[in-house]
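Single-letter residue listing:
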Amino acid sequence: MNIGSTLTQAAAAHPDHIAIIHGDKTLSYRAFNERANRLASQFRALGIRPGDRVGILQRNGPELLETLFATFKAGAVAVPINARSHPKEYAYILENSGCSAVVFQEDFVAGLDTVRHALPDLCIFIAIGAASTWSTPYENLVASGDPADADVDCAPHDLAWLFYTSGTTGKPKGAMNCHANLQFMSDHYPREVYQLGPHDVVLHPGPLTHGSGLWSIPITAGAGTHLIPSGTSFDPDEIFRLIEKHRVTKIAFIAPTMITMLLNAPTIDRHDLSSLRFLGYGGAPMYVEDLKRAIQQWGPILCQVYGQGESPMTISLLKREDHKLPGDPAAERRLASAGRVREDIELAILDEADHEVPEGEIGEIAIRGEIVMRGYWNMPEATAEVFKGGWYHSGDLGMRDADGYVFLLDRKKEMIISGGANVYPRELEEVFLLHPGVLEVAVIGIPDRLWGESVMAVVRPRPGASPTEGELLTLCREHLAGYKKPRFIRYQDDLPKNSYGKILKRELKQSILAEIPKVAT
Ligand code: AMP
């Protein structure tokens, strides 16, 4: 088996169908496959062996998909790295994964040059665009490679993709996804998530190094057309224009913050988006008030995914038919959920002793099934810890209702314990966002001598709005038990986020404590 053969097969079945659109450039499935084959043959010629790791340090573009599939086809292990990472961050991933090669765009030359000497395993540098003295030009390699299919035969448990977690609670860890995990994900995608075929034009606004890249596999298997925006950052106008121009049927995977940006764009009503049938979002909390606006705007085309790199890319789904408004209180309540567990895995909510908690009670979300990763790269202890008792422990807290809907609270490490009582930041964040003047909010625990921790809400007001403490505390009183109300409310325009748009609460807390140490005592 080889997950890269999904491309081989799509090219055999639909050689002239458009596989990739990027700006003015289009590639047929035949050309996409041949270019991936040429690169795979060059990987072999350069000494990259099955099991070797290949770093992919690229912004979205056709070459990223070519590199991904070439790596699979060569039996090597893809290590996609978010292109917005700092050189220190990508150096960490390149080093931790022991990459022997990296394929990167020319503007990473300066950053890579500052770190490459400290990475002894890394000796093959392939540059897209202008090459430096120490790198080989990508296009030269592709031009002189062998276009014939020669996909390496891999064992199901051979590694295919090291997915570095986004590191919101510590250093990123490499989740080991093997060919069987990705094949399982790809085979089950059409039934669980969305039917896909050559008629589909799928837009990738999110990074292909993350969920969109994982889902590029089933999209390729279905011979859909990948439409890749050519802008270097997320631009709502470009997204609207592309949907209208190419009659996009599906948005692969988009972060909740991007949905909010689309909803807030002044041009939102100026384009015909009627071709859109599916909009997948997830990777971070989607707050109910924002979700309601999105449903009002686009109708029931939204589908929420709760997933992790450790379970690519789905644990549960809030399907399109669950995105209904308004009237039915049960349906509305479920908008705060992450939907139901996908059919092909088992989910349990466990207490500290790894016993299942009763329905409606909070515990750690744990799963098992064929989609789950093999473990963390070179981290046997961390692997043993998350797999204790035979379940993969997600580190996320949640509960399940009588109908099987899973409600996510927070990362276990982000739960606040104040005076012995558990406070779940997500609950408070949902309440704060009911205030029209609140654009974003992060609730964190601040060390407190008396209470252990006390609750702080860090609010980013909407431009021109100034929600007062009194108004916000009144909202809390209306919706929550008194002990949950924040002791501190702070206003701040820039909340630190990682490169996937998730708020980095650890950093936020550290910066606040550094600035006002006395708040803690
Ligand atoms: P990563 O593997 O880097 O994408 O991070 C996965 C983590 O993102 C999960 O463990 C959750 O904490 C969070 N996450 C993913 N999907 C959702 C979702 N739909 N709602 C809330 N949080 C999510």
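Residues numbered from 1 in each chain as written. Predicted model: local features only at pLDDT ≥ 70, side-chain atom pairs only at ≥ 80, totals over all residues. Heavy atoms only, no water.

1. Looking at the overall build of the protein chain
Here's step 1: Helix and strand content of the protein chain: 16 helices and 25 strands.
Here's step 2: For a compact globule of 521 residues, the expected C-alpha radius of gyration is about 24 Å, and the protein chain comes in at 23 Å, within 12% of that figure.
Here's step 3: Each of the three principal axes of the protein chain carries a C-alpha extent, and together these read 70 × 50 × 45 Å.
Here's step 4: Looking at the protein chain as a whole, 60% of its 521 residues qualify as buried.
Here's step 5: Taking the contacts inside the protein chain whose residues are at least 6 apart along the sequence as the reference set, 68% of them involve residues at least 24 apart. (Helix = DSSP H or I, 4+ residues; strand = E, 2+ residues; numbered from the N terminus. Rg over C-alpha atoms; globule rule 2.2 N^0.38 Å. Buried < 20%, exposed > 50% of the residue type's maximum accessible area, 1.4 Å probe, protein only. Contact = heavy atoms within 4.5 Å.)

2. Considerations on the sheet that holds strand S24 (residues 452–461)
Here's step 1: Here three strands make up an open sheet; going across it, the order is S23-S24-S25 and the pairing mixed. Each of the sheet's edge strands pairs with one partner strand only, and the pair in question is strand S23 (438–448) and strand S25 (488–491). Each adjacent strand pair in this sheet contributes to an overall mean axis angle of 25°, direction not counted.
Here's step 2: With four bridges connecting them, S24 and S25 associate as parallel partners. Residue Val458 lies in a different strand from S25, and its bridge partner there is Arg490. (Pairing = 2+ DSSP bridges. Axes fitted to C-alpha atoms, helices over the stretch in contact; angles between N-to-C directions.)

3. Some words on the nonpolar core
Here's step 1: In this structure, Phe72, Phe104, Leu112 and Trp215 are the most contacted members of the largest nonpolar core, which totals 106 residues.
Here's step 2: Each residue touching Trp215, except ones within four places of it in the same chain, is listed here: Met185, Tyr189, Val193, Ala252, Phe253, Val305, Met313 and Thr314.
Here's step 3: Ranked by size, the runner-up nonpolar core spans 35 residues in total, among them Leu203, Phe240, Val288 and Trp298. (Core = buried A, V, L, I, M, F, W, Y, C linked by side-chain atoms within 4.5 Å.)

4. Description of the domain arrangement of the protein chain
Here's step 1: By the assigned domains, the protein chain splits into domain 1 (5–281), domain 2 (295–412) and domain 3 (416–515).
Here's step 2: Computed over C-alpha atoms, the centres of domain 1 and domain 3 are 36 Å apart. (Domains from an automatic or database assignment.)

5. Some details on the environment of Leu397
Here's step 1: Assignment of secondary structure puts Leu397 in strand S19 (residues 392–400).
Here's step 2: Taking the C-alpha atoms as reference, Leu397 lies 5.3 Å from Leu409; in sequence the two are 12 residues apart.
Here's step 3: When neighbours within four sequence positions are excluded, Leu397 is seen to be in contact with Ile362, Gly363, Glu364, Ile365, Phe407, Leu408, Leu409, Asp410, Lys412, Met415 and Tyr424.

6. A few points about helix H9 (residues 236–246)
Here's step 1: What H9 keeps buried is the set Pro236, Glu238, Ile239, Phe240, Leu242, Ile243 and His246.
Here's step 2: Buried-residue contacts for H9 involve strand S1 (18–22), strand S10 (201–203), strand S11 (225–228), strand S12 (250–254) and helix H10 (256–264).
Here's step 3: Structurally, the start of H9 carries an N-cap: the backbone nitrogen of Asp237 is 3.0 Å from a side-chain oxygen of Asp235. (Polar contact = N/O pair within 3.5 Å; in protein donor to acceptor, adjacent residues only side chain to side chain.)

7. A short note on unusual backbone geometry
The general pattern is negative phi for most residues beyond glycine and trans for most peptide bonds.
Here's step 1: Between Pro312 and Met313 the backbone carries a cis peptide bond, its omega angle lying at -15°.
Here's step 2: Among the secondary structure elements, Met313 is positioned in strand S15 (residues 311–318).
Here's step 3: At Arg247, a residue that is not glycine, the phi angle is positive and equals roughly 50°.
Here's step 4: The topology assignment puts Arg247 in the loop between H9 and S12.
Here's step 5: In this structure, Asp354 takes a positive phi of about 65° despite not being glycine.
Here's step 6: Tracing the backbone shows Asp354 in the loop between strand S17 (346–350) and strand S18 (363–368).

8. Thoughts on the packing of aromatic side chains
Here's step 1: Under the definition given, this model contains 11 aromatic pairs.
Here's step 2: Centre to centre, the rings of Tyr90 and Phe108 are 6.1 Å apart; their planes meet at 80°, and the pair counts as edge-to-face. Of this pair, Tyr90 sits in helix H4 (residues 87–97) while Phe108 sits in the loop between strand S5 (101–105) and helix H5 (109–115); the two residues are 18 residues apart in sequence, bridging distant segments of the chain. There is no split in this pair, since Tyr90 and Phe108 are both buried.
Here's step 3: Seen from their ring centres, Phe125 and Trp134 are 5.0 Å apart, and the 85° between their planes marks the pair as edge-to-face.
Here's step 4: Since its relative accessible area comes to 7%, Phe125 is described here as buried. (Phe/Tyr/Trp six-rings, centres within 6.5 Å; stacked < 30°, edge-to-face > 60°.)

9. Considering the sheet that holds strand S13 (residues 278–282)
Sheet strands pair via backbone hydrogen bonds, and the direction of the pair is either parallel or antiparallel.
Here's step 1: Pairing is mixed across the open sheet formed by nine strands, whose spatial order is S2-S1-S11-S10-S12-S13-S14-S15-S16. Pairing within the sheet leaves two strands with one partner each, and these edge strands are strand S2 (25–28) and strand S16 (340–341).
Here's step 2: With three bridges connecting them, S12 and S13 associate as parallel partners. In the strand pairing of S13, Ile254 is matched with Tyr281.
Here's step 3: Across the sheet, helix H3 (residues 62–73) is in contact with S1, S2 and S11; its angle to S2 comes to roughly 30°.
Here's step 4: Sitting on the sheet, H10 is in contact with S12, S13 and strand S14 (302–308), with an inclination near 125° to S12.

10. Examining the pattern of salt bridges
Here's step 1: Counted by the stated rule, this structure contains 28 salt bridges.
Here's step 2: Between Arg191 and Glu343 there is a salt bridge, with its nearest N and O atoms 2.9 Å apart. Linking Arg191 in helix H7 (residues 179–192) with Glu343 in the loop between S16 and S17, this pair joins segments that are 152 residues apart in sequence. One exposure class covers both Arg191 and Glu343, and it is exposed.
Here's step 3: Taking the shortest distance from any N to any O, the salt bridge between Glu364 and Lys412 comes out at 3.1 Å. (Salt bridge = Lys/Arg side-chain N within 4 Å of Asp/Glu carboxyl O.)

11. Points about the packing of H3 against helix H8 (residues 211–221)
Here's step 1: It is the contact of H3 with H8, at a shortest axis distance of 11 Å, that shows an interaxial angle of 75°. One finds that H3 runs roughly perpendicular with respect to H8. Residue-level inspection shows Leu65, Leu68, Phe69 and Phe72 of H3 in contact with H8, the latter providing Gly213, Ser216, Ile217 and Thr220.
Here's step 2: Residues of the contact of H3 with H8, tallied by class, amount to five nonpolar, three polar and no charged. (Parallel < 35°, antiparallel > 145°, perpendicular 65-115°, else oblique. Nonpolar A, V, L, I, M, F, W, Y, C, P; charged D, E, K, R; others polar.)

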